[in-house]
Amino acid sequence: MHFQFSEEQLMIQQAARDFAQNECLPGVIERDEKQQFPYDQIWKLSELGFMGMMTGSQYGGAGMDTISYVLAMEEISKVDASVSVCMSVNNSLVCWGLEHYGTEEQKQQYLVPLAQGRKSGQLYIGAFLLSEPEAGSDATSQQTIAEDKGDYYIINGTKNWITNGGTASVYLVMAQTDASKGSKGIDTFIVEKNSPGVTVGAKENKLGIRGSDTHSIMFQDVKVPKANRIGEHGFGFRYAMKTLEGGRIGIAAQALGIASGAYERAVAYAKQRKAFGKEIAQHQAIQFKLADMATRIEAARLLCLRAAWEKDNGGDYALSSSMAKVYASETAMWVTTEAVQIHGGYGYVKEYHVERMMRDAKITQIYEGTSEVQRIVIGRGILK
Ligand code: CAA
């Protein structure tokens, strides 16, 4: 067992750290306040090859491993989780699934520009459309219908809380094709956003990750060629679950980054703020908080890296990705709350960043499977 990163992994970590400091930190408070999508940052991420980090170079990606992805996600999430969620969805939920289950034609047409993050000089990213108004955790209860019409499908329905919803050019849409078959009557389709009948709803006004672009998407008689179905008929739900296994590693790494970003700010603040005649870091009440924060963050990091390692080495990572996500997201919520507490009144105002991190942390316990869903997956996995 080696607790050591390769030189390449360390270079990627450093590149992500520099990117976060130089490109994400300036303006992060304003983007959050104005709910402004970080277009310039995502464009620059595509230049770095980070929008298709794990996709093979033959399909426009950077061909990096999942460990590198975790390192990059942590560094970027330390500074701006609205940037990192966009990157995570495109990498894990869009490019990975297309590369592993798409046809060669689908890869050439969609994966190549998605992994590059651009097409014809414009941003070109994707979104993953599973959640619905009545189907969040209970993801098999899809109400969106895709009717088989021979060589095409007609899709009708509404999807909710779609990350990258307004900015994406390509949607991966899960829809029911045979209600009598339950989870085996669901298919996944590649739908271009500019298809007739697709409507993008208003941008959600969120608690956190306010720069990210979250919308509902409506489909009314949207015609999709059969060639745009991913995998065999009835594979759509399993496709979503397999894809989410990797997605959960990305969100775990995002939560880890939010936690470690808040922790670093709390340490720096505790070393310079004085109370009762000495730096507050010298008070045991604060030291104990910092000690617990550091310990939990390290445990979360090891779980993330373990899941990534299993994925890179062909193991079954369903359990380890859920463990990483539930632990890292709960760590992020707890650590950011403690970071606000250490900052006192300053922590409650925007200039000190930690209140935003606390708001951003909350979503990591909800999206890509709530903490309760992760416990279902873990519980079933250990008892089977
Ligand atoms: N890999 C392969 N197959 C899987 C699988 C996996 N990981 N998980 C389940 N399946 C298969 C099962 O084996 C089962 O097949 P059989 O009938 O042949 O046994 C079938 O799929 C149905 O599975 P379950 O019986 O386990 O289904 P369930 O209804 O009990 O639900 C669940 C299980 C874990 C709760 C699942 O519904 C789930 O993960 N829900 C949460 C959905 C989610 O994460 N949504 C996030 C939305 S995306 C998002 O947030 C992105 C974003 O914008 C950031």
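Scroll up to find the structure this text is about.
Per-chain numbering applies: the sequence of each chain, read as written, is numbered from 1 onward. At least 70 in pLDDT is required for a residue's local features to be given in this predicted model, at least 80 for side-chain atom pairs to be given and counted, and no such filter applies to totals for whole chains, interfaces and linings, which use all residues. The basis for every side-chain value is the complete set of non-hydrogen atoms in the structure, without hydrogens or water.

Glancing now at the site of the ligand. Around the ligand sit 25 residues, and of these Thr163, Lys184, Glu245, Arg248 and Arg380 come closest. We call two N or O atoms a polar contact when they sit within 3.5 Å, provided that within protein one can donate a hydrogen and the other can accept it, with sequence-adjacent residues counted only if both atoms are side-chain atoms. In this structure, Ser137 approaches the ligand through a main-chain N or O atom, which is 2.8 Å from a nitrogen atom. At 2.9 Å from an oxygen atom of the ligand is found a main-chain nitrogen or oxygen belonging to Glu368. Mapped onto the shell around the ligand, the elements with two or more residues apiece are helix H5 (81–101), helix H7 (236–272) and helix H11 (371–383). Per-element tally for the shell around the ligand: the top contributor is H7, with 7 residues. One heavy atom within 4 Å of a molecule or strand is enough for the residue carrying it to be called near that molecule or strand. Runs of E in the DSSP output that reach at least two residues are strands. Runs of H or I that reach at least four are helices, and both are numbered from the N terminus.

Computed over the protein atoms alone on a 1 Å grid, cavities are sets of points where a 1.4 Å probe fits but cannot get out and pockets are open sets with protein on both sides within 12 Å along at least five of seven lines; a residue lines them when it has an atom within 4 Å of a point. Grid points are joined across faces, edges and corners, and a volume is the space filled by probe spheres set on the points. Within this model, the largest pocket holds a volume of roughly 1400 Å³. In this structure, the largest pocket is lined by 49 residues; those nearest its centre are Leu244, Arg248, Glu368, Gly369 and Val373. Looking at the lining of the largest pocket, the elements with two or more residues in it are H5, strand S3 (126–129), strand S5 (152–163), H7, helix H9 (318–343), helix H10 (354–364) and H11. If one sorts the elements of the lining of the largest pocket by residue count, H7 sits on top with 7 residues. In this classification, the charged set is Asp, Glu, Lys and Arg, the nonpolar set is Ala, Val, Leu, Ile, Met, Phe, Trp, Tyr, Cys and Pro, and all remaining amino acids, among them Gly, are polar. Split into classes, the residues belonging to the lining of the largest pocket amount to 22 nonpolar, 13 polar and 14 charged. Taken together, 14 residues form the lining of the second largest pocket, with His2, Phe3, Ile67, Leu305 and Trp309 sitting closest to its centre. Counting residues per element, the lining of the second largest pocket draws most heavily on helix H8 (residues 284–312), which supplies 6 residues. Marked domain ranges trace back to an automatic or database domain assignment. Looking at which domains feed residues into the lining of the second largest pocket, each of domain 1 (7–123) and domain 3 (238–383) gives three or more.

By definition, a salt bridge exists where a carboxyl oxygen of Asp or Glu is found within 4 Å of a side-chain nitrogen of Lys or Arg. Counted under the stated rule, the structure contains 20 salt bridges. Here Asp187 and Arg229 are joined by a salt bridge, their closest N and O atoms 4.0 Å apart. Residue Asp187 is found in strand S7 (residues 186–192), and its partner Arg229 is found in strand S10 (residues 229–230); the two are separated by 42 residues along the sequence. With respect to class, Asp187 is no different from Arg229; both count as buried. Sharing partners across several salt bridges, the network here consists of Arg17, Glu75, Lys78 and Glu264. Residue burial is assigned from relative accessible area. The probe radius is 1.4 Å, only protein chains are included, and a residue is buried under 20% of its type maximum, exposed over 50%, and partly exposed in between.

To estimate how far a helix should extend, the number of its residues minus one is multiplied by 1.5 Å. Look at helix H4 (residues 66–77): 16 Å from first C-alpha to last across 12 residues, which is about the 16 Å you get at 1.5 Å a residue. Taken across its 12 residues, H4 has 12 buried, putting it largely inside the fold. Looking only at H4, the buried set comprises Thr66, Ile67, Ser68, Tyr69, Val70, Leu71, Ala72, Met73, Glu74, Glu75, Ile76 and Ser77. What makes two residues a contact is simply this: any of their non-hydrogen atoms within 4.5 Å. The inward-facing, buried residues of H4 abut helix H1 (7–24), helix H3 (39–48), H5, H7 and H8.

Interaxial angles span 0 to 180 degrees and are taken between N-to-C directions of axes, which are lines fitted to C-alpha atoms, for helices over the stretch in contact. The N-to-C vectors of H9 and H11 enclose an angle of 145 degrees; their axes lie 9 Å apart at closest approach. The element H9 and its partner H11 pack so that their crossing is left-handed. For the pair formed by H9 and H11, the contact residues are Ala318, Leu319, Ser322, Met323, Lys325, Val326, Ser329 and Glu330 on the first element and Ser371, Gln374, Arg375, Val377, Ile378, Gly381 and Ile382 on the second. A per-class count over the contact of H9 with H11 returns 7 nonpolar, 5 polar and 3 charged. Less than a right angle of anticlockwise turn of the near helix away from the far helix marks a crossing as left-handed, whereas a clockwise turn marks it as right-handed.

Read these as spatial facts, not as claims about activity.
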